[in-house]
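# What the coordinates show
Each chain, written out:
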Amino acid sequence: MSVPTHWFVASDPDVYEKFMARWSARLADPFLTFAGIQTGQRVLDVGCGTGTITLALAERGCSVVGIDASASYLEGARRRRSHAAITYELGDAQNLAYPSGSFDACVSTLAIDVVPEPKKFLITHELQPISGADRA
Ligand SMILES: C[S@@+](CC[C@H](N)C(=O)[O-])C[C@H]1O[C@@H](n2cnc3c(N)ncnc32)[C@H](O)[C@@H]1O
C-alpha cells in the first residue's frame, strides 16, 4: 500500500532519527503527561513515524497501535522500538477504519502538518475527548 504524504518524504528512518526523532523522544513524556494519558489505556498514535511516542506510551503501561503511511518508517519503528504492547500498522490518517470505541485516547505529534488533507485528519480521528480521556 502506498499513501500520499504531501511534501514530507518519509523514506529513511535512520536519517529521521538524527534530525527529528531524538527530539520527539525527549518531548514524549512531558507531552503524554500533558495529554493526560494514563497507564492501562488503549491508545492510537497517528503518524507514529519511527515510534518515539509509541514506545513512550508502551513504557507507561498503555497498549498502543502506531499507524503511519510510511512502510520504511514503520520498519525503523519495529527495528528500534518494538514492545509487546505495541502494534505498528501501515495506514492513512485521513481514512482510518477502526470501530468506534477501539481506543481510550488518540495522540499525534508532528503529523497533522504533513497530511495532505488535515480536515479529513481531524474528522477521522475526532481529536476530542474519547472515552474518558480529557485531551487528545
Ligand atoms: C514529522 S513525522 C512525525 C513522526 C512522529 N510522530 C514523531 O513525533 O517523531 C510525520 C509522520 O507523519 C506520517 N504521515 C504523513 N502523512 C500521513 C498519512 N496520510 N497517514 C499517516 N501518516 C502520515 C509520515 O510518514 C511521518 O512518519
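Everything quoted here is computed from the prediction, not taken from an experiment.

Definitions and cut-offs
Residues numbered from 1 in each chain as written. Predicted model: local features only at pLDDT ≥ 70, side-chain atom pairs only at ≥ 80, totals over all residues. Near = placed C-beta within 6 Å. Helix = DSSP H or I, 4+ residues; strand = E, 2+ residues; numbered from the N terminus. Nonpolar A, V, L, I, M, F, W, Y, C, P; charged D, E, K, R; others polar. Axes fitted to C-alpha atoms, helices over the stretch in contact; angles between N-to-C directions. Parallel < 35°, antiparallel > 145°, perpendicular 65-115°, else oblique. Contact = placed C-beta atoms within 7 Å.

### Thoughts on the site of the ligand
Near the ligand lie 24 residues; those nearest to it are A10, S24, G47, G49 and A93. The set of elements that each furnish at least two residues to the shell around the ligand consists of α1 (13-34) and α2 (52-59). Looking at the shell around the ligand element by element, the count peaks at three residues for α1. Here the residues of the shell around the ligand sort into 14 nonpolar, eight polar and two charged.

### Comments concerning the packing of α1 against helix α3 (residues 71-80)
Two elements in contact, α1 and α3, have axes separated by 8 Å at closest approach and are oriented at 75°. The angle between α1 and α3 falls in the class roughly perpendicular. Counting all contacts with α1, which are made through P13, D14 and Y16, the residues of α3 involved are S72, Y73, E75 and G76. Grouping the amino acids of the contact of α1 with α3 by side-chain chemistry returns three nonpolar, two polar and two charged.

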